[in-house]
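# Fold and geometry: a report
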Amino acid sequence: MSSPRVRFAPSPTGYLHVGGARTALFNWLYAKRTGGTFILRVEDTDRERSTDEHTRVILEGLEWLGIGWDEGPYFQGAYGERHRADAERLLAQGRAYRCFCTREELDAQRAVSEARKEGFRYDGRCRRRTAADVEAQIAAGVPSTIRLAMPDEELAWDDAVHGRISFQGRDLDDFVILRSDGTPIYNHAVVSDDIAMEITHVIRGDDHISNTPKQIALYRALGRAEPVFAHVPMILGGDGKKLSKRHGATAVGDYQDQGIFPAAMRNFLALLGWSPGDDREIMPEAEMIAAFSLEGIQSKPAVFDAAKLEWMNGQYLSATPAADLLAPVERQLERAGIAVKGQQLLPLIDAVKARSRTILQLAEQVAVRLRGPAALDAKAEALKAKMGESFAANLRRAVAALDPLPEAEWRPEPLLASLKSAAEGAGVKLGDAMQPIRVALTGSTVSEPVNELLAIVGRSASLDRMKAAAER
RNA sequence: GGCCCCAUCGUCUAUCGGUCAGGACGCGACCCUUUCAAGGUCGAGAGACGGGUUCGAUUCCCGUUGGGGCUACCA
């Protein structure tokens, strides 16, 4: 058997969402794993809703994730002629027929069905027209669509994820394959393209399961063998409903903006609905490719857990050398109007790296060390309130203890020694002595060890911030 | 309404008839640090329900319930 050919076929009617990104990832992983070809096809047949901007964002999103394609991007809109020819062929072979029903007639029938709480199905009245009648209608210039004559037979396949799935042709419509303006309907365009592009494995979202029997009918009518289908389950929001904008960030670009690493996003998405079969969590790209299989894909939908994504990103962040973080941190600092650049940032990055989960958080922490806290966070406020008078008193004592230290002695070890002896002398717990300093320097109750923090912030800025906080 | 898919800790998952039902996120505690939401250790926490099949069911079958998808001259 020749090597697999798979495709990701987004429609540019919106941004690249995490569900689409994961579908693309699974296709890509499968191609990499099997030495196959990954094809990108933009399904822009919905002229009204498709935009170049969306296409651009989708392509950029895939590139950002490191999902490169071997062929394409092809644009479905460019193949209108083949779509039409395929429909005409079906028409000529009697596997499809012209329908002269108007939209208004159809809508009226649908309204009646719905009022009776029944599902609407096209009754196939035009299928029974005589050849002479059809000729007459055409001659009279009545517009028509082309509908597939759905066979009354079983339409089943062995889904690579779900196992055998079976539909009955009689439950399905004679659906339209070519509009009256000569453009193709989705299911027809997909099959025509998948045949032309020799797609062997269709890996796509679960929501296409009910499209599959229609497409199988089309493959049969067109006299072609169908590909392997693998329907991957959907991604849900925390409320168990299909993930959508009201669940917060759902576009891949949102996570890029939040400072998530592409590698972390890829790792997280891969494990959402797929498992290597063992306990591995952090998986390098090569390992994911080596372990990937369609059988490892889960059949139930998965809830998108942003907290786990952040944890995973934190793992990648901790493992990344400060030097590699310099450029993105500089970019964030510049945005915040901080001009500091270069090597001098490295110690700051190292100081806060382990406690940050995204580049954004990391850059914020670096910024705070550089120019001081804008305000206290909730926990810092609570701590200050709880400590009352002793908050300022402890700060004043710290200032008195540290002020005599010359610039050359402003290093972690001497700082710790001074702080300890001052606390001991006053009979305060070291924690009570340290936390106010942490809050004064960062506005937060969390940071690297305080003596290191003082060294990072520097002598004069540290003393200034402590004095200011003591007076406030 | 019809057709179809799905069902293990709160969440992501392992288990391919016999397991103390394992791991991860999150949560809690403890340890480390005479200072942090880092690190380490431990803990709480699951087979939707009812029938079968079987010596034995989370695992296979059926039903119920509960989710979800599709049901356009959208994709």
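Above this text you will find the structure in question.
Throughout, a residue's number is its position along its own chain's written sequence, starting from 1. Both sets of labels track the order of writing: A upward for chains, 1 upward for ligands. Reporting of local features is limited, given that this is a predicted model, to residues whose pLDDT is at least 70; pairs of side-chain atoms are given and counted only at 80 or more, and all residues count toward the totals for whole chains, interfaces and linings. Side-chain numbers here rest on the full set of heavy atoms in the structure, without hydrogens or water.

### Digging into the packing of helix 12 (residues 322-335) against helix 13 (residues 346-353)
All axes are obtained by fitting lines to C-alpha atoms, using only the stretch in contact for helices, and the reported angles, taken between N-to-C directions, cover 0 to 180 degrees. A run of H or I in DSSP counts as a helix once it spans at least four residues, and a run of E counts as a strand once it spans at least two, with each numbered from the N terminus. Orientation of helix 12 relative to helix 13, taken along the N-to-C sense of each, is 100°, at an axis distance of 9 Å. Considering their axes alone, helix 12 and helix 13 lie roughly perpendicular with respect to each other. Mapping the contact onto sequence places Ala 322, Ala 323, Leu 325, Leu 326 and Val 329 in helix 12 and Leu 346, Ile 349, Asp 350 and Lys 353 in helix 13. Residues are grouped as follows: Ala, Val, Leu, Ile, Met, Phe, Trp, Tyr, Cys and Pro are nonpolar; Asp, Glu, Lys and Arg are charged; every other residue, Gly included, is polar. Classifying every residue of the contact of helix 12 with helix 13 gives seven nonpolar, no polar and two charged. We call two directions roughly parallel when the angle between them is under 35 degrees, roughly antiparallel when it is over 145, roughly perpendicular when it lies between 65 and 115, and oblique otherwise. Here, two residues are considered to be in contact whenever any of their heavy atoms come within 4.5 Å of each other.

### Some points on the packing of aromatic side chains
Aromatic pairing here means that ring centres of Phe, Tyr or Trp (its six-membered ring) are within 6.5 Å. Orientation follows from the plane angle: under 30 degrees is stacked, over 60 is edge-to-face, and everything else is tilted. Considering all chains together, one arrives at six aromatic pairs under this definition. Centre to centre, the rings of Phe 26 and Phe 292 are 5.6 Å apart; their planes meet at 40°, and the pair counts as tilted. Taken together, the residues span a long stretch of sequence, with Phe 26 in helix 1 (residues 18-34) and Phe 292 in the loop between helix 10 (285-291) and strand 12 (302-303) at a distance of 266 residues. Summarising the burial analysis for this pair, Phe 26 and Phe 292 share the class buried. Where Tyr 255 meets Phe 304, the ring centres are 5.7 Å apart and the plane angle is 50°; that geometry is what we call tilted. With Tyr 255 in helix 8 (residues 252-257) and Phe 304 in the loop between strand 12 and helix 11 (306-319), the pair connects residues that are 49 residues apart, well separated along the chain. Three or more aromatic residues joined by ring pairs form one cluster here, namely Phe 26, Trp 274 and Phe 292. The ring centre of Tyr 122 lies 3.6 Å from the NZ or CZ of Arg 147, which sits over that ring. A cation over an aromatic ring shows up here: Lys 214 above the ring of Phe 175, its NZ or CZ 5.5 Å from the ring centre. When accessible area is computed with a 1.4 Å probe and restricted to protein chains, residues below 20% of their type maximum are described as buried, those above 50% as exposed, and intermediate ones as partly exposed. The rule is short: NZ of Lys or CZ of Arg within 6 Å of the ring centre and within 35 degrees of the ring normal puts a charge over the ring.

### Things to note about the pairing of strand 5 (residues 145-148)
Neither face of strand 5 is open: one carries Thr 145 and Arg 147, the other Ile 146 and Leu 148, and all of them are buried. Two strands make a pair as long as DSSP finds a minimum of two bridges between them. Both strand 4 (residues 96-99) and strand 5 contribute to a ladder of four bridges, which runs antiparallel. Looking at strand 5, one finds that Tyr 97 is bridged to Arg 147.

### Points about the pattern of salt bridges
Salt bridges are defined by distance alone: a side-chain nitrogen of Lys or Arg within 4 Å of a carboxyl oxygen of Asp or Glu. Going through the model one piece at a time under the given rule, you end up with 26 salt bridges. A salt bridge links Glu 153 to Arg 220, with the shortest nitrogen-to-oxygen separation between them at 2.9 Å. With Glu 153 in the loop between strand 5 and strand 6 (154-159) and Arg 220 in helix 7 (residues 212-221), this residue pair connects regions lying 67 residues apart in the sequence. Its relative accessible area of 32% is what places Arg 220 among the partly exposed residues. Across the pair Asp 158 and Arg 164 runs a salt bridge, and its minimum N-O distance is 3.5 Å. Here Asp 158 and Arg 164 have matching classes, each one exposed. Salt bridges sharing common partners tie together Arg 7, Arg 41, Glu 43, Arg 82, Asp 193 and Asp 194.

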